[in-house]
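Spelled out, the chains give:
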Amino acid sequence: MSNQLWQAATRSGKSILKSSSVNWKASSGSILARTRSTLQQPEEIKPKLNEATKYPTIVQEFSKSSTGLSKVTTLPNGVRVASENTPGHFSAVGVYVDAGSRYESTSTRGVSHILDRLAFKSTTNTTADDMLSKLESLGGNIMCSSSRESIMYQSAVFNQDVPQVMSIFADVIRNPCIAPDEVEEQRQTALYEIQDIWSKPEMILPEILHTVAFKGNTLGNPLLCPPDNLAAMTPELIKDYMKTWYRPERMVVAVCGTEHDAAVKMAEEFFGGIPVSATPLDSVETHKIIQQRQGKGTSFVQSLFSSSKAQNPESLATQPAYYTGGIELVESPEQPFTHVQVAFEGLPIHDDDIYALATLQILLGGGGSFSAGGPGKGMYSRLFTNVLNQHYWVESCTAFNHCYTDSGLFGIAASCRPEYASVLLEVVCRELDLVARQDVGHLGVNKTELNRAKNQLKSSLLMNLESRMVQLEDLGRQVQVQGKKTGIDEMLSKIDAVDLDKLAQVASRIVRGAVSVTSGGSGDATIVAQGEVRGITNPRKILEKYGLGSGKKTW
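Source: prediction; values computed, not measured.

**Observations concerning the pattern of salt bridges**
Inference 1: Tallied over the full model, the rule gives 29 salt bridges.
Inference 2: The partner of Lys 485 in a salt bridge is Glu 84, with the nearest N and O atoms 2.7 Å apart. Remark: Glu 84 occurs in strand S4 (residues 80–84) and Lys 485 occurs in the loop between helix H17 (468–482) and helix H18 (488–496); sequence separation between them is 401 residues. Of the two residues, Lys 485 and Glu 84, both sit in the buried class.
Inference 3: Salt-bridge contacts for Glu 149 lead to Arg 477; the nearest nitrogen and oxygen are separated by 3.6 Å. Of this pair, Glu 149 sits in the loop between strand S6 (141–146) and strand S7 (151–158) while Arg 477 sits in helix H17, and the two are 328 residues apart along the sequence.
Inference 4: Residue classification places Arg 477 among the buried residues on the basis of a relative accessible area of 10%.

**Things to note about H18**
For an α-helix the count is 3.6 residues per turn, leaving residues at separations of three or four pointing the same way.
Inference 1: Listed as buried for H18 are Ile 488, Met 491, Leu 492 and Ile 495. Down the axis, H18 shows its buried residues gathered within 95 degrees of arc, on one side only.

**As for unusual backbone geometry**
Inference 1: Of note, Phe 120 is a non-glycine position whose phi angle comes to about 65 degrees, a positive value.
Inference 2: Secondary-structure assignment places Phe 120 in the loop between helix H3 (111–117) and helix H4 (128–138).
Inference 3: Among the residues examined, Phe 120 registers a relative accessible area of 10% and is labelled buried.
Inference 4: With a phi close to 35 degrees, Thr 218 is a non-glycine residue in the positive phi region.

About the cut-offs
- Residues numbered from 1 in each chain as written.
- Predicted model: local features only at pLDDT ≥ 70, side-chain atom pairs only at ≥ 80, totals over all residues.
- Heavy atoms only, no water.
- Salt bridge = Lys/Arg side-chain N within 4 Å of Asp/Glu carboxyl O.
- Helix = DSSP H or I, 4+ residues; strand = E, 2+ residues; numbered from the N terminus.
- Buried < 20%, exposed > 50% of the residue type's maximum accessible area, 1.4 Å probe, protein only.
- Arc of directions from axis to C-beta.

The following block contains the structure:
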């Protein structure tokens, strides 16, 4: 399962970056004409040849309750083409590049942030104005966004417009101009964006959390371009980054709502001409290497400093994340509330315990001090009943779970009036301690709570997969990382298998720092806070009181 689907299902982990997206709206006459055409021809794209049979293809059922199939074909140059032909009048199309901030070196820090903002500008074939005109004529939703592990070009359009939007994606990916004036414009925009985000704790704290938790490596690389690096963002640097990482074997072309043979034919037309890499860096193979190195508990020094070539593409592509933990308190007295996040090393997406951990996040739940009630709103979650309903001074309290290909972060984000900051930290630590114990009687997790959380997680997964865009990204990212897709039936059965013993075991593995046994990380907690933080005087003592983290002091 992809990180994006987990985040959608558990209502957390929103990106701090505003994607370079546009809800392009054509004229009403154009929209009506396209709608009529679509309704009259729901299966508009008909391949003339059985394109997929020419190349290696994996075929999977994505659910026993559905006749649909997930198919993955690899083109000769390494581009993977994935599809799910779910019926409907709209199709979703995406191109996923295995790039992003975790692969940035010291000299390229922040390129991904600028690159996603340069999407859909001028190319060698199209001026910026013509590109805008093309997008406006399509209607629908077209966007580009960057994350720590992927740069994603995505769209939802009428079925008959799939070839045109794939042609646009190919043009902006293969032939971008990256003109100096366009780069300068995005440098100015990025600076304003960074300043705006820094004024919003709920947006900047997750970024600070990653920077502290994975200090100086991989997942700790900033999503936002550091202001000091903006001047270094030249067209030449950006083009060099694209040349390094925009390789065919690191790309997935994903389509939902189109016949697989048609998708393969279009992908071959628009992406089949990308030259084969002289030194391949296949995304599936490099992620396997990362997982193998992670499993051996590679030390921080070994993984980062054992080679003088640590900044070359091969080393960056196979470098495992190293969790360090730490504390960062950002004094912002102008903030009305003090915002705190407490986290521990989480689990990678391939870990068998990821389903129990996702269930734990739903079970903890939480939200804001003013939340609309009703079914499915999480009002019976532990953070609502034990924290928000018990302490009037708590403004918000929510569990989060960030999972990546080789590590993750699990914890609780909360905010309160400044004078209660130290008490809030203790309340959060107490809740994390309780879910990891089975000797606290009625204070521990009961079967009713667990069943409720499991049902919520399953229904949320299924409902989110009704969205074409969520379905598309889940397909594209899974194929990018593991070369195939995990079916929904398998996910549901693993959620059903979670019991009270398993939940407590996984919770203890996380909050006691035991993930370090398999990951090689420090096992320590990560605490970040912004606002009036002078009241947070001895967070280490509170962690020790509840037995959280490994107890190894690294800060």
